[in-house]
Amino acid sequence: MPQQSTEILAATAGGIARAAQLLREGRLVSFPTETVYGLGADARQGEAVAAIYEAKGRPSFNPLIAHVHSAGAARRYVQWNDVAEQLAAAFWPGPLTLVLPLREGHGISPLVTAGLDTLGIRVPAHPTGQALLSELDGPVAAPSANPSGKISPTTAAHVIAGLDGRIAAILDDGACGVGLESTIIGLAGPEVMLLRPGGLAAEEIETVLGRKLVQRDAHDPLTAPGQLLSHYAPGAPVRLNAEAPGEGELFLGFGPVECDLNLSESGDLAEAAANLFGHLHRLDALGRPIAVAPVPEHGLGEAINDRLHRAAAPRD
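Since the model is a prediction, treat every value here as computed from it, not as a measurement.

Moving on, we come to the packing of aromatic side chains. Applying the stated criterion across every chain yields a total of one aromatic pair. Between W80 and W92, the aromatic rings sit 5.9 Å apart at their centres with planes inclined by 40°, giving tilted as the arrangement. In this pair, W80 sits in the loop between α3 (71-74) and α4 (82-91) while W92 sits in the loop between α4 and β5 (96-101), placing the two residues 12 residues apart along the sequence.

At a closest axis distance of 8 Å, the pairing of helix α2 (residues 46-56) and helix α9 (residues 269-284) adopts a crossing angle of 110°. Judged by the angle between their axes, α2 and α9 are roughly perpendicular. Counted together, G46, E47 and A50 of α2 and A270, E271, A273 and A274 of α9 form the full contact between these two elements. Residues belonging to the contact of α2 with α9 are distributed by class as follows: four nonpolar, one polar and two charged.

What follows deals with the sheet that holds strand β1 (residues 7-10). With mixed pairing, the 11 strands of this open sheet are ordered in space as β1-β8-β2-β3-β7-β4-β6-β5-β9-β10-β11. With one partner strand each, in any of the chains shown, β1 and β11 (214-215) form the two edges of the open sheet. α2 contacts β3 (37-42) and β7 (140-141) of the sheet and is inclined by roughly 145° relative to β3. Of the strands in this sheet, β2 (29-32), β4 (65-67), β7 and β8 (169-172) touch helix α6 (residues 127-136), which is tilted by about 130° from β2.

A separate point is the packing of helix α1 (residues 13-24) against α6. Where α1 meets α6, the axes come as close as 9 Å, and the angle between the chain directions of the two elements is 55°. Considering the angle they form, α1 stands oblique to α6. Seen from above, α1 lies across α6 with right-handed handedness. Note on element contacts: α6 touches α1 through T128, A131, L132, E135 and L136, opposite I16, A17, A19, A20, L23 and R24.

What follows concerns the sheet that holds strand β14 (residues 261-262). A sheet is described by the order of its strands in space; here four strands give the open sequence β12-β15-β13-β14, paired in parallel fashion. Here the strands that pair on one side only, and so sit at the sheet edges, are β12 (238-239) and β14. In this structure, strand β13 (residues 250-253) lies alongside β14, joined through two bridges in parallel fashion. Each residue of the ladder has a partner; that of G253, found in β14, is N262.

Moving on, we get to the side chain of Q130. In this fold, Q130 is placed in helix α6. There is a polar contact of 3.4 Å between the side chain of Q130 and the backbone oxygen of H69. The residues contacting Q130, other than those within four sequence positions of it, are V68, H69, P93, V123, P124 and A125.

Turning our attention to the nonpolar core. The biggest cluster of nonpolar side chains holds 80 residues, and the ones touching the most others in it are F61, L87 and I185. Top contributing element to this core by residue count: α9, with eight residues. Ranked by size, the runner-up nonpolar core spans 16 residues in total, among them I16, L23, F31 and L132.

Each value, and the rule that gives it
Residues numbered from 1 in each chain as written. Predicted model: local features only at pLDDT ≥ 70, side-chain atom pairs only at ≥ 80, totals over all residues. Heavy atoms only, no water. Phe/Tyr/Trp six-rings, centres within 6.5 Å; stacked < 30°, edge-to-face > 60°. Helix = DSSP H or I, 4+ residues; strand = E, 2+ residues; numbered from the N terminus. Axes fitted to C-alpha atoms, helices over the stretch in contact; angles between N-to-C directions. Parallel < 35°, antiparallel > 145°, perpendicular 65-115°, else oblique. Contact = heavy atoms within 4.5 Å. Nonpolar A, V, L, I, M, F, W, Y, C, P; charged D, E, K, R; others polar. Pairing = 2+ DSSP bridges. Left-handed = near helix turned anticlockwise from the far one by under 90°. Polar contact = N/O pair within 3.5 Å; in protein donor to acceptor, adjacent residues only side chain to side chain. Core = buried A, V, L, I, M, F, W, Y, C linked by side-chain atoms within 4.5 Å. Buried < 20%, exposed > 50% of the residue type's maximum accessible area, 1.4 Å probe, protein only.

Written out as C-alpha cells, the structure is:
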C-alpha cells in the first residue's frame, strides 16, 4: 500500500478532534482502549474498513467489532433487547462485546460483519477512546493496531514500530493496561451464548443474569471475531476465474468488463473489498449460478480470493 506520513496526536481536545476528522475522511487512526491500541476506521465506510485489512496484512475478512461511545449509540445499529440492556448497564464501558442482529437502516459496511446479519459491538472504557468515539459520534471498526500475527500493541511506540507510514495517525495516550481481548456474548438467538472468553469473566456475567451461559458448540455457525472464518455460502453454485458467464449464470466482474455487478470497474482492490459481500448477497437473491471474474492475488486481492474460494467450496 502507498506510504503516508503518520501523525502522532496528543490526547488533547485538538488531537481528538483531528483524529475524528481523519476518521470522517475515511482514514485509519490508531487509538487506545483499556486493553490495547485499536486500528480504527469509520465502520460505515467500506473502503476505509478495507484499508484496515490492507494495513495489517490481515489474510482474510473476519468480522470486526464496532466500537461506540454509549449503549444509546449501539441501539442505532443493532436490535436491542432486555438482556443487552441488562449486560450493558452492568458492564459498559468495559471489555464486553455483544453480538446482536443488525437493525434496518444500520449503515454498517458488510465488510465489518463479514457478510453476516449480526454485529459485534462494544463501549470501551478508556477515556481517550471514549472521547474520540463521542467526537465522531459514529461506529468505529477496530482490531488491534499491529501487523497481522504480531504482538498486540499497548503503547503508541508499538503501533509506530508496526504501522508507521501505513496509517494516517496515532492518538497517543501512553500505555494501556495490558489485558485480554473483550469477552463476546451472542444475543442473536434464543440462548445467551459465550462466543469468546475474554477480559470479563463468564462467572460475572452469569451472576448478573442469574443463569448459566450456553457454551458455543464447535459446529455452531460462526458469528464473531475470534472464531474461525465464517463460511459464506450462496444458495447457487459459484464459479471462479471466469472470463465470461456461462449460460444461465450471473457475472460478478472486476475491471472493465461487461457484467451484472462489478466489484470495481477501475480495478481498485479496496473498492472491490468494500463491495464484495453486498454484491454477493444481491446476486444470490436472484437465485442463479454466479460466475466471478479473476481478481489479482496481491494485496487485498489475497483476502478477496480467500472469501471467494470459501463461497465456491463444494458443500452438501
